[in-house]
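Summary of structural features
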Amino acid sequence: MKIITPATETDFDKYYRLRYDVLRAPWQQPRGSEIAPDDATATHALMLNEADDPIGVCRLHLPTPAEAQIRFMAIHPQYQGQGLGKKILTYVEEKAREQGAQYITLQAREQAVPFYQRAGYRVVAKTHLLFGEIQHYQMRKDLIK
Ligand SMILES: CC(C)(COP(=O)(O)OP(=O)(O)OC[C@H]1O[C@@H](n2cnc3c(N)ncnc32)[C@H](O)[C@@H]1OP(=O)(O)O)[C@@H](O)C(=O)NCCC(=O)NCCS
């Protein structure tokens, strides 16, 4: 297993394929819905297995110098529950620190809330319903105490 910053077209194909397969396809969303307009200015993390297949993705973006936002966090279903989500989360948190962020915010799907709580995030507010059914919660973790 390794985590890379996607750089080539092949890397980005793998990155967006996993995003789509885990976060969009199960809700019959169209291809292209996995791409965000501000992806070009974000930091991306791609986890690959021994065969270089994509098994994890995560995105970091700083809307202000102090705030880092995590979005599009996904582990391939066959690789969930093995500590890999924690690994890629720790990796992007380190990137946030390197970029000078003081805290991280994210919108967690309800079923992922315990995963983020385990990593030190707290629920700030109940927020939107995605695709009419996935309840989200805003969560936050301070990087500087
Ligand atoms: C949520 C997700 C990213 C977690 O990744 P993962 O690789 O399965 O999680 P890990 O194995 O790294 O778990 C890390 C810790 O969180 C805990 N955890 C993970 N999911 C949990 C859950 N649903 N309930 C309770 N604890 C959970 C693990 O037990 C582990 O605890 P430990 O540190 O004491 O061992 C992954 O399951 C996933 O991609 N889900 C589908 C897409 C999704 O919901 N993405 C998040 C969008 S906000």
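Thresholds, definitions, all that
Sequence order sets the numbering: in each chain, residues are counted from 1 along the sequence as written. Local features in this predicted model are restricted to residues of pLDDT 70 or higher, and side-chain atom pairs are both shown and tallied only at a pLDDT of 80 or more, whereas totals for entire chains, interfaces and linings draw on every residue. Neither water nor hydrogens contribute to the side-chain values; these are computed over all heavy atoms in the structure. Nearness here has a simple test: a residue counts as near a molecule or strand if at least one of its heavy atoms is within 4 Å of that partner. Contacts described as polar in this section are N or O atom pairs within 3.5 Å, which, within protein, must combine one atom able to donate a hydrogen with one able to accept it, while residues neighboring in sequence count only if both atoms come from side chains. In this description a helix means any DSSP run of H or I spanning at least four residues, a strand means any run of E spanning at least two, and both kinds are numbered starting from the N terminus. Each residue is assigned to one class: nonpolar for Ala, Val, Leu, Ile, Met, Phe, Trp, Tyr, Cys and Pro, charged for Asp, Glu, Lys and Arg, and polar for all the others, Gly among them. The rule for a salt bridge is simple: a side-chain nitrogen of Lys or Arg has to be within 4 Å of a carboxyl oxygen of Asp or Glu. Each residue is assigned to one of three classes by its accessible area relative to the maximum for its type, calculated with a 1.4 Å probe on protein chains only: buried under 20%, partly exposed between the two thresholds, exposed over 50%. Strand pairing is assigned whenever DSSP identifies at least 2 bridges connecting the two strands. Axis angles are defined between N-to-C directions and span 0 to 180 degrees, where every axis is a line fitted to C-alpha atoms and, for a helix, only to the segment in contact. Here a helix's expected span is defined as the number of its residues, less one, multiplied by 1.5 Å. Contacts: residue pairs with any heavy atoms within 4.5 Å of one another. Here a Phe, Tyr or Trp ring, Trp counted by its six-membered ring, pairs with any other such ring whose centre lies within 6.5 Å, and the pair is stacked when the planes are under 30 degrees apart, edge-to-face when over 60, and tilted otherwise.

1. Description of the site of the ligand
- Taken together, the neighbourhood of the ligand is formed by 21 residues, with Met73, Ile75, Gly83, Gln111 and Arg118 sitting nearest.
- A distance of 2.8 Å separates an oxygen atom of the ligand from a polar atom in the backbone of Gly81.
- Secondary structure elements with two or more residues in the shell around the ligand: helix H1 (9-23), strand E4 (67-75), helix H2 (84-98), strand E5 (103-109) and helix H3 (113-118).
- Among the elements that line the shell around the ligand, the one with the most residues is H3, at four residues.
- Its residues assigned to classes, the shell around the ligand comprises eleven nonpolar, seven polar and three charged.

2. Points about the pattern of salt bridges
- Counted by the stated rule, this structure contains eight salt bridges.
- Measuring nitrogen to oxygen at the nearest pair gives 3.3 Å for the salt bridge that ties Arg31 to Glu34.
- Its relative accessible area of 54% is what places Arg31 among the exposed residues.
- Through salt bridges with shared partners, one network takes in Arg19, Asp38, Asp39 and Arg59.

3. Re the sheet that holds strand E3 (residues 54-61)
- Overall, mixed pairing links the seven strands, which are arranged E1-E2-E3-E4-E5-E7-E6 in an open sheet. Pairing within the sheet leaves two strands with one partner each, and these edge strands are strand E1 (2-4) and strand E6 (122-130). Neighbour to neighbour, the strand axes of the sheet diverge by 25° on average, direction disregarded.
- For E5 and strand E7 (residues 134-142), the ladder comprises seven bridges, and the chain directions are antiparallel. Among the inter-strand pairings, Tyr103 is bridged to a residue of E7, identified as Asp142.

4. Structural notes on unusual backbone geometry
- In this structure, Gln28 is a non-glycine residue whose phi angle is positive, near 55°.
- One can find Gln28 in the loop between H1 and strand E2 (43-48).
- Judged by its relative accessible area of 67%, Gln28 falls in the exposed class.
- Phi at Phe72 is positive, roughly 55°, even though this residue is not glycine.
- Here Phe72 lies in strand E4.

5. What about H2?
- Spanning 15 residues, H2 covers 21 Å between terminal C-alpha atoms, matching the ideal 21 Å at 1.5 Å per step.
- Once H2 finishes, Gly100 follows within two positions and takes phi at roughly 85°, a positive value.

6. Some thoughts on H1
- Under the 1.5 Å per step criterion, the end-to-end length of H1 is 21 Å for 15 residues, consistent within 8% with the ideal 21 Å.
- Those residues of H1 that fall on the buried side of the exposure criterion are Asp11, Lys14, Tyr15, Tyr16, Leu18, Arg19, Tyr20, Val22 and Leu23.
- Structurally, H1 contributes buried residues whose contacts are with E1, E2, E3, E4 and E5.

7. Points about the pairing of E7
- Pairing of E6 with E7 involves six bridges; the strand directions are antiparallel. Considered in E7, the bridge of Ala125 is made with Gln138.
- Counting the residues that bridge the hairpin from E6 to E7 gives three residues, and of these Phe131 lies at a positive phi of roughly 55°.

8. Things to note about the packing of aromatic side chains
- This model, assessed by the stated rule, comprises six aromatic pairs.
- An angle of 80° between the planes, with centres 5.3 Å apart, marks the rings of Tyr15 and Tyr16 as edge-to-face.
- Tyr15 gets classed as buried once you look at its relative accessible area, which sits at 0%.
- Ring geometry for Phe115 against Tyr116: centres 5.0 Å apart, planes inclined by 65°, an arrangement best described as edge-to-face.
- Residue class for Tyr116 comes out buried when judged on its relative accessible area of 6%.
- Aromatic rings pair up to connect Phe12, Tyr15 and Tyr16 into one cluster.

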